[in-house]
Amino acid sequence: MNTHQNKVVEFEDLGIKEYQPSWDYQEKLMKDIIDIKVKNRDLPAEQHLTTPNHFLLVEHPHVYTLGKSGHEENMLAGIDKLKEIDATFVKVNRGGDITYHGYGQIVGYPVLDLENFFTDIHKYMRNLEEVIIRTIAEYGLKGERSPGETGVWLDVGKPYARKICAMGVKASRWVTLHGFALNINTDMRYFEYIIPCGIKDKQVASLKRELERELTLEEMEDIKAKIRKHFVDVFEAELVIK
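Here's a quick rundown of the structure.

Procedures and definitions
Every chain is numbered on its own, with residues counted from 1 as its sequence reads. Only residues with pLDDT of at least 70 are given local features in this predicted model, and only at 80 or more are side-chain atom pairs given and counted; all residues enter the totals for whole chains, interfaces and linings. The side-chain quantities take in all heavy atoms of the structure and omit both hydrogens and water. Only protein atoms enter the 1 Å grid, on which a cavity is a set of points fitting a 1.4 Å probe that cannot get out and a pocket is an open set with protein on both sides within 12 Å along at least 5 of 7 lines, lining residues being those with an atom within 4 Å of a point. Grid points are joined across faces, edges and corners, and a volume is the space filled by probe spheres set on the points. Secondary structure is summarised from DSSP: a helix means a run of H or I of at least four residues, a strand means a run of E of at least two, and numbering begins at the N terminus for each. Any residue outside Ala, Val, Leu, Ile, Met, Phe, Trp, Tyr, Cys, Pro, Asp, Glu, Lys and Arg is labelled polar, Gly included; the first ten of those are nonpolar and the last four are charged. Strands were regarded as paired on the criterion that DSSP finds at least two bridges between them. Between N-to-C directions, angles cover 0 to 180 degrees, with each direction set by a line fitted to C-alpha atoms, over the stretch in contact for helices. Contacts are assigned to residue pairs with any non-hydrogen atoms lying within 4.5 Å of each other. In what follows, roughly perpendicular refers to angles from 65 to 115 degrees, roughly parallel to angles under 35, roughly antiparallel to angles over 145, and oblique to any angle outside these ranges. Throughout, a crossing is termed right-handed when the near helix is turned clockwise from the far one, and left-handed when it is turned anticlockwise from it by less than a right angle. By nonpolar core is meant a set of buried Ala, Val, Leu, Ile, Met, Phe, Trp, Tyr and Cys residues that side-chain atoms within 4.5 Å join together. Accessibility here uses a 1.4 Å probe with only protein chains present; expressed as a share of the type maximum, an area under 20% marks a residue as buried, one over 50% as exposed, and anything in between as partly exposed. Handedness is read with the strands pointing away from the viewer; a crossover is right-handed when the path from the first strand over the helix to the second is clockwise. Multiplying one less than the number of residues by 1.5 Å gives the expected span of a helix. Distance and chemistry together define a polar contact, namely a pair of N or O atoms within 3.5 Å, with one atom able to donate a hydrogen and the other to accept it when in protein, and with adjacent residues in sequence counting only for side-chain atoms on both sides. Criterion for a salt bridge: a side-chain nitrogen of Lys or Arg within 4 Å of a carboxyl oxygen of Asp or Glu.

1. Section: the layout of surface pockets
Logical step 1: By volume, the largest pocket is sized at about 260 Å³.
Logical step 2: Surrounding the largest pocket, 24 residues form its lining, R94, G95, G96, M167 and G168 being those nearest its centre.
Logical step 3: Looking at which element gives the most residues to the lining of the largest pocket, the answer is strand β9 (residues 162-172), with five residues.
Logical step 4: Considered class by class, the residues forming the lining of the largest pocket number twelve nonpolar, eight polar and four charged.

Have a look at this one:
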């Protein structure tokens, strides 16, 4: 266990950024943290170096990502269709099946050393869900958990249950990678080309669709601020903006 728990999280808004360089950046941050942890193994406890934590928010151009346990048949569009809709397809090392990222969607990537917080992946996932549940509650939406399915849902248990926030993570040596994708002004037509998260009988939601109006750029920034605030509260962290 990390005897020098560091609950300071460095926050960075990457703006609009392609998926692959964002993933590469996460991988680099993760590697830097793991390198420190490996070094600490050879040091007495009182000399242990502190590991940093990061929290990235980003918006990606149209991309479909398939988790390592996912099924390619859940990608319904072929190469020609992907070109036509200006989207790319990437296989990734997170858990979960296929998902879509695109403009108008806020994607969050916490790269945390969980030994700074708690060593429990299940709790980590529930905490991430809680951050989003609290965020969308500020817009009058009742986010819920769906038993056996990660992410944040609306109207769980009803025929029109729908997912507003998808989640998929990876952890190595208690360092997290990947995260969540919250649909705000997302173009929902892009979900027609996949079976989202491999779940055939459930729909997808967005804030725009639920509120029946486009959210402004200022409101998008406000949502990011709310996510940061609830992240700090739920994880009992301190955020510094890079």
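That was the structure; now back to the text.
2. With respect to the sheet that holds strand β5 (residues 98-101)
Logical step 1: The sheet built from three strands is open, its strands ordered β4-β3-β5 with mixed pairing. Two strands in the sheet have a free side with no partner beyond their single neighbour: β4 (88-91) and β5. Averaged over all neighbouring strand pairs, the angle between strand axes comes to 25°, with direction disregarded.
Logical step 2: Relative to β5, strand β3 (residues 63-66) is paired through four bridges, and the arrangement is antiparallel. Paired with L66 across the strands is I98, a residue of β5.
Logical step 3: Sheet strands touched by helix α1 (residues 19-40): β3, β4 and β5. Its angle to β4, the strand with the most contacts, is close to 25°.

3. A few points about the packing of helix α3 (residues 121-137) against helix α5 (residues 217-235)
Logical step 1: Viewed as axis vectors pointing N to C, α3 and α5 meet at an angle of 135°, and their least axial separation amounts to 9 Å. Between α3 and α5, the crossing angle belongs to the class labelled oblique. As for how α3 packs across α5, the hand of that crossing is right-handed. On α5, the residues touching Y124, N127, L128, E130, V131, R134 and T135 of α3 are I223, K226, I227, H230, F231, D233, V234 and F235.
Logical step 2: Residues belonging to the contact of α3 with α5 are distributed by class as follows: eight nonpolar, three polar and four charged.

4. A look at the nonpolar core
Logical step 1: Counting 37 residues, the largest nonpolar core has I164 and F235 as its most contacted members.
Logical step 2: If one sorts the elements of this core by residue count, α3 sits on top with seven residues.
Logical step 3: The contact partners of I164, leaving out residues within four places of it in the chain, are I136, L141, V152, L154, A181, L182, N183, A205, S206 and L207.
Logical step 4: In this structure, Y19, M30, V90 and V111 belong to the second largest nonpolar core, which totals 19 residues.

5. Here we look at the side chain of K37
Logical step 1: Structurally, K37 can be placed in helix α1.
Logical step 2: Looking at K37, the relative accessible area reads 12%, which means it is buried.
Logical step 3: The contact partners of K37, leaving out residues within four places of it in the chain, are T51, D113, E115, R173, W174 and V175.

6. Let's talk about the pairing of strand β1 (residues 8-16)
Each regular strand carries side chains that alternate between the two faces of the sheet.
Logical step 1: Note: β1 against strand β12 (residues 238-241), four bridges, orientation parallel. In the strand pairing of β12, V8 is matched with E238.
Logical step 2: The sheet contact formed by β1 and strand β2 (residues 53-59) spans six bridges and is parallel. Bridging across to β2, D13 finds its partner in L57.
Logical step 3: With α1 bridging β1 and the parallel β2, this β-α-β connection has right-handed handedness.

7. Remarks on the environment of N127
Logical step 1: Looking at the secondary structure, you find N127 in helix α3.
Logical step 2: Along the chain, N127 and G168 lie 41 residues apart, while their C-alpha atoms are 13 Å from each other.
Logical step 3: Beyond its immediate stretch of four places on either side in the chain, N127 contacts F118, V234 and F235.

8. Overview of α3
Logical step 1: With 17 residues, α3 extends 24 Å between its outermost C-alpha atoms, agreeing within 8% with the 24 Å of an ideal straight helix rising 1.5 Å per residue.
Logical step 2: Within the sequence span of α3, burial applies to Y124, M125, N127, L128, E129, V131, I132, I133, T135 and I136.
Logical step 3: The residue sitting at the N-terminus of α3 and contributing the capping side-chain oxygen is D120; that oxygen lies 3.0 Å from the backbone nitrogen of H122.

9. As for the pattern of salt bridges
Logical step 1: According to the stated counting rule, one finds 24 salt bridges in the structure shown.
Logical step 2: Its salt-bridge partner being K28, residue D32 comes within 2.8 Å of it at the nearest N-O pair. On the criterion of helical spacing, the pair formed by D32 and K28 is a turn pair, its members being four residues apart in helix α1.
Logical step 3: For D32, a relative accessible area of 32% translates into the label partly exposed.
Logical step 4: Overall, K28 belongs to the partly exposed group, its relative accessible area being 48%.
Logical step 5: One salt bridge in this structure joins K37 and D113, with 2.6 Å as the shortest N-O distance. Here K37 is found in helix α1, whereas its partner D113 is found in the loop between β6 (105-111) and α3, with 76 residues between them in sequence. For the pair K37 and D113, one class covers both residues: buried.

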